[in-house]
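A structural walkthrough
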Amino acid sequence: MNDISKTLTDMTVFERSSLIETVADALEATADAAGDEGDARFVANSLFVANTIRGLSGDLAPGDIKAAEVLLEQGIMLVQQFSNRGRQGVLN
């Protein structure tokens, strides 16, 4: 855990692919949980972002790195929003 964070540009193809899979898997799990709650919009948004992220493959062109970073950030934020939504009932 003491490793220095890397940018997508600094990552190997394997590391980048692993990150993409992890974020996409988390989004799909979030979509399942949102579906259990009946939130069709959150399901759709999570799956759209997950599928778009999965479309990022292997060796990205230099011009695609920024777009990939934005998509990954959006995916992580969606997962975090869903996670926080469950805690708000506990805090109130």
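Just above, that's the structure.
For the rest of this paragraph, the subject is the overall build of the protein chain. For the protein chain, the helix and strand inventory stands at 3 helices and 0 strands. Each helix and strand of the protein chain, ordered N terminal to C terminal, gives the series α-α-α. Sorting the 92 residues of the protein chain into buried and exposed places 26% on the buried side. Carbon and sulfur atoms form 56% of the exposed surface of the protein chain, whose accessible area is close to 6300 Å².

All chains considered together, the criterion is met by 1 aromatic pair. Ring centres of Phe42 and Phe82 lie 5.3 Å apart, and the angle between their planes is 45 degrees; on these two criteria the pair is classed as tilted. Note that Phe42 is positioned in helix 2 (residues 40-54) and Phe82 in helix 3 (residues 62-91), a separation of 40 residues in sequence. In this structure, Phe42 and Phe82 share a single accessibility class: buried. Over the ring of Phe42 we find Arg85; its NZ or CZ atom is 5.0 Å from the centre of that ring.

Direction vectors running N to C along helix 1 (residues 13-36) and helix 2 enclose 165 degrees, while the axes themselves pass 8 Å from each other. Comparing their axes, helix 2 and helix 1 come out roughly antiparallel. Helix 1 and helix 2 meet at a crossing whose hand is left-handed. Contacts between helix 1 and helix 2 involve Ile20, Glu21, Val23, Ala24, Asp25, Leu27, Glu28, Thr30, Ala31, Ala34 and Gly35 from the former and Phe42, Val43, Ser46, Leu47, Val49, Ala50, Asn51, Ile53 and Arg54 from the latter. Residues of the contact of helix 1 with helix 2, tallied by class, amount to 12 nonpolar, 4 polar and 4 charged.

Cut-offs and rules
- Residues numbered from 1 in each chain as written.
- Predicted model: local features only at pLDDT ≥ 70, side-chain atom pairs only at ≥ 80, totals over all residues.
- Heavy atoms only, no water.
- Helix = DSSP H or I, 4+ residues; strand = E, 2+ residues; numbered from the N terminus.
- Buried < 20%, exposed > 50% of the residue type's maximum accessible area, 1.4 Å probe, protein only.
- Areas by Shrake-Rupley, 256 points an atom, 1.4 Å probe, with all protein chains shown as cover.
- Phe/Tyr/Trp six-rings, centres within 6.5 Å; stacked < 30°, edge-to-face > 60°.
- Lys NZ or Arg CZ within 6 Å of the ring centre and 35° of its normal.
- Axes fitted to C-alpha atoms, helices over the stretch in contact; angles between N-to-C directions.
- Parallel < 35°, antiparallel > 145°, perpendicular 65-115°, else oblique.
- Left-handed = near helix turned anticlockwise from the far one by under 90°.
- Contact = heavy atoms within 4.5 Å.
- Nonpolar A, V, L, I, M, F, W, Y, C, P; charged D, E, K, R; others polar.

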